[in-house]
Amino acid sequence: MITTDIIIIGAGPTGLFTVFEAGLLKLKCHLIDALPQAGGQCSEIYPKKPIYDIPAFPEVLAGDLVDNLMEQIKAFEPGFTLGERADTIDKLDDGTFIVTTNKGTKHKAPVVAIAGGLGSFEPRKPPIPNITDFEDKGVAYIIRDPEVYRDKKVVLAGGGDSALDWSIFLADVASEVTLVHRRNDFRGALDSVEKVAELAKIGKINLITEAEVKGIQGSDKVESVTIKHKTEGEYTLETDCFIPLFGLLPKLGPISDWGLDIEKNAIKVNNALDYQTNIEGIYAIGDVNTYPGKLKLILCGFHEATLMCQSAFKRINPDKKYIMKYTTVGGVTGFDGSKKIAKKEQVLNIKDL
Amino acid sequence: MSDIKLKITDREGNIHEVEAPTDMAMNLMEVIKGFELVPEGTIGTCGGMAMCASCQCYVTSEHELPEMEYDEEAMLAEAFNVEDNSRLGCQLHITPELEGLEVTLAPEEM
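These figures come from a predicted structure and were not determined experimentally. (Residues numbered from 1 in each chain as written. Chains lettered and ligands numbered in written order. Predicted model: local features only at pLDDT ≥ 70, side-chain atom pairs only at ≥ 80, totals over all residues.)

Trainee: Give me the lowdown on the overall build of chain B, citing residues and values where you can.
Mentor: On a plain count of helices and strands, chain B comes out with two helices and five strands. For a compact globule of 110 residues, the expected C-alpha radius of gyration is about 13 Å, and chain B comes in at 13 Å, within 12% of that figure. Here chain B holds 110 residues, and 35% of them are scored as buried. Of the contacts formed within chain B by residues at least 6 apart in sequence, a portion of 61% connects residues at least 24 apart. (Helix = DSSP H or I, 4+ residues; strand = E, 2+ residues; numbered from the N terminus. Rg over C-alpha atoms; globule rule 2.2 N^0.38 Å. Buried ≥ 20, exposed ≤ 12 C-beta atoms within 10 Å, placed from the backbone. Contact = placed C-beta atoms within 7 Å.)

Trainee: Which residues make up the overall build of chain A, and what are the values?
Mentor: In terms of regular secondary structure, chain A is built from seven helices and 25 strands. With the principal axes as the frame, chain A shows a C-alpha extent of 85 × 65 × 40 Å. Across the 353 residues that make up chain A, the buried fraction comes to 39%.

Trainee: Please provide a residue-by-residue account of the nonpolar core, values included.
Mentor: All names here are of chain A. Among the nonpolar cores identified, the biggest contains 49 residues, and Ile6, Val112, Ala113 and Ile114 are the most heavily contacted of them. Counting residues per element, this core draws most heavily on helix 6 (residues 298-316), at seven residues. Not counting chain neighbours up to four residues away, the residues in contact with Ile114 comprise Ile9, Gly10, Ile255, Ile267, Ile282, Tyr283, Ala284 and Val288. (Core = buried A, V, L, I, M, F, W, Y, C linked by C-beta atoms within 7 Å.)

Trainee: Give a description of helix 4 (residues 161-170) of chain A that names residues and reports values.
Mentor: All of the buried residues along helix 4 of chain A are Ala163, Leu164, Trp166, Ser167 and Leu170 of chain A. Where helix 4 of chain A is buried, its residues touch strand 12 (153-157), strand 13 (176-181) and helix 5 (190-201) of chain A.

Trainee: How would you sum up the sheet that holds strand 13 of chain A? Please name residues and give values.
Mentor: Remark on secondary structure: sheet strands pair via backbone hydrogen bonds, oriented parallel or antiparallel. Residue and element names in this part refer to chain A. The strand order across the open sheet built from four strands is 14-13-12-18, with neighbouring strands paired in parallel fashion. Two strands bound the open sheet, and with one partner strand each, they are strand 14 (206-209) and strand 18 (241-244). Pairs of neighbouring strands in the sheet enclose a mean axial angle of 15°, with direction left out of account. Bridge count for strand 13 against strand 14 is four bridges, and the pairing is parallel. Bridge pairing in strand 14 links Leu179 to Leu207. Where helix 4 meets the sheet, it contacts strand 12 and strand 13, and its direction lies at approximately 165° from that of strand 12. (Pairing = 2+ DSSP bridges. Axes fitted to C-alpha atoms, helices over the stretch in contact; angles between N-to-C directions.)

Trainee: Describe the interface of chain A and chain B, naming the residues involved and giving the relevant values.
Mentor: Of the residues lining the interface, 20 residues belong to chain A; the matching set on chain B comes to 15 residues. The residue makeup of the side of chain A that touches chain B, split by class, is eight nonpolar, five polar and seven charged. (Nonpolar A, V, L, I, M, F, W, Y, C, P; charged D, E, K, R; others polar.)

Trainee: Talk me through the pairing of strand 18 of chain A; I want residue IDs and the actual numbers.
Mentor: All names here are of chain A. The alternating pattern of strand 18 places Cys241 and Ile243 and Phe242 and Pro244 on opposite faces, both of which are buried. Pairing of strand 12 with strand 18, which is carried by four bridges, proceeds in the parallel orientation. Across the sheet, residue Ala157 finds its bridge partner in strand 18, namely Pro244.

Trainee: So what's going on with helix 3 (residues 62-73) of chain A? Which residues, and what values?
Mentor: Residues and elements named next belong to chain A. Over its 12 residues, helix 3 extends 17 Å from the first C-alpha to the last, a length consistent with the 16 Å expected when each residue adds 1.5 Å. Within helix 3, burial applies to Ala62, Leu65, Val66, Leu69 and Ile73. Burial along helix 3 is one-sided: seen end-on, the buried residues are contained in an arc of 95°. Contacts made by the buried residues of helix 3 are with helix 1 (13-24), helix 2 (41-44), strand 4 (50-51) and strand 5 (60-61). (Expected span 1.5 Å × (residues − 1). Arc of directions from axis to C-beta.)

Trainee: Can you lay out the sheet that holds strand 1 (residues 3-9) of chain B for me, pointing to particular residues and giving the numbers?
Mentor: Residues and elements named next belong to chain B. Across the sheet, five strands lie side by side as 2-1-5-3-4; this open sheet has mixed pairing. The sheet is open, and its two borders are formed by strand 2 (15-21) and strand 4 (86-88), each paired with just one other strand. Direction aside, the axes of adjacent strands within the sheet are offset by 40° on average.

Trainee: Describe the confidence of the model for chain B, naming the residues involved and giving the relevant values.
Mentor: Mean pLDDT over chain B stands at 92; residues scoring 70 or higher make up 98%. Here the predicted complex carries an ipTM of 0.79, next to a pTM of 0.84. (pLDDT = per-residue confidence, 0-100.)

Trainee: An account of the pairing of strand 10 (residues 111-114) of chain A is requested, with residue identities and associated values reported.
Mentor: Residue and element names in this part refer to chain A. The alternating pattern of strand 10 places Val111 and Ala113 on one face and Val112 and Ile114 on the opposite face, and all of these are buried. Taken together, the four bridges between strand 2 (residues 6-9) and strand 10 define a ladder with parallel strand orientation. Bridging across to strand 10, Ile9 finds its partner in Ile114. Bridging between strand 10 and strand 22 (residues 282-284) involves three bridges; their strand directions are parallel. Pairing of Ala113 across the sheet is with Tyr283, part of strand 22.

Trainee: Please set out the packing of helix 1 of chain A against helix 3 of chain A residue by residue, giving values where relevant.
Mentor: Residue and element names in this part refer to chain A. Two numbers describe how helix 1 lies on helix 3: the axes approach to 9 Å, and their chain directions differ by 20°. Viewed along their axes, helix 1 and helix 3 adopt a mutual orientation that is roughly parallel. Remark: the crossing between helix 1 and helix 3 carries left-handed chirality. Residues Pro13, Leu16, Phe17, Val19, Phe20 and Gly23 of helix 1 lie in contact with helix 3, whose contacting residues are Leu65, Val66, Leu69, Met70, Gln72 and Ile73. Classifying every residue of the contact of helix 1 with helix 3 gives 10 nonpolar, two polar and no charged. (Parallel < 35°, antiparallel > 145°, perpendicular 65-115°, else oblique. Left-handed = near helix turned anticlockwise from the far one by under 90°.)

Trainee: Lay out the packing of helix 1 of chain A against helix 6 of chain A with the relevant residues and their values.
Mentor: Residue and element names in this part refer to chain A. Relative to each other, helix 1 and helix 6 sit at 40°, their axes nearing to 8 Å. Viewed along their axes, helix 1 and helix 6 adopt a mutual orientation that is oblique. The two elements helix 1 and helix 6 meet at a crossing, and its hand is right-handed. Residues Pro13, Thr14, Phe17, Thr18, Glu21 and Ala22 of helix 1 touch helix 6, and the partners they reach there are Ile298, Gly301, Phe302, Ala305, Thr306, Cys309 and Ala312. Of the residues belonging to the contact of helix 1 with helix 6, the class tally is eight nonpolar, four polar and one charged.

Take a look at the structure:
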């Protein structure tokens, strides 16, 4: 059991900044995110895109924003449970919460802050009606252990980096690798595209372009797929495995079953006060919440995180009074023993010179 | 500056005739979002960066549309339910040339 002061669900910019504001109040945080890395959409969808409306940053790349936030919160030693999705929440009699992930990791804290953005990122599944019947029976959307494919016939689909890179990798593992892509050009990194072309030329990858996988057949596991080619029509290809790699799509997911008030795919909060949800002790901040006049902007998430931490402090320390201190005055004292403080001006007596 | 008329068929098959301003730097995805023609959270997931295809639509009128840029083409190459007349709503800017445009929203990805 991981115990902390605030469980933050979602390690996007809002979740990360919450660690800083909580740290100033001497509250420890632990973040849970379904993605394998911190940063949320900024890292997953658009790391190389510039953002122009972060105060005091005329221009900052989304990826750099995340790097900066990670640096800013380092001294507050946040914990991370990455690559796991927060699935269930239980409120104990003493008012604390236990959040359990899809992999069974348990987290306990008196406060939960949902900074889940658009939800957890799930693999995009191609619209093949019976595809879910074959999940874990030959169909996989994520490759966890490539050894599973040793000496198997594998069909991959997609035109991005992961489809290219895995085709290259599996060419040496699987007995047969087929890559199906709708177009003739790929949008992956140039050297991956070149490598795939090379392997296709020597027959190590069966490259089928201008085609799509339209159907899956098999009695209790994948036995073949139907490929629809733009000009050659439909045909069947024998295979043991089908791996569609079409990136990720955010879904609100299990959070929507936590008994929270949900409106328009977002969690309703009290914005006049502290961004608390209808369940006392659970807050929702950033893109995941809604209230009159809500704007889904990173800078609004930062503001919401700051106010939310004040309320969390009162919940955790009902008898303490908190007096707001500017970081320029009080500095930043990390949980790692580091201390940042403004340098004192040197005083020089003119007579000493 | 004047408004243009658009005919938008939503994912349930309902037809909406809306007037969209040409002087607000809007795109088709934002118009659909603004008029709440589909449930919140089911369109414009990436915010309009041509990175999610949640605003994919089929253009059914004979308008001469601006050429696709690389981002849109690449995204449509990865999207599902793509047809020859598929475009990303977020990449179609509301200009006077689009007067009378007719589009049907592509099904939502599961």
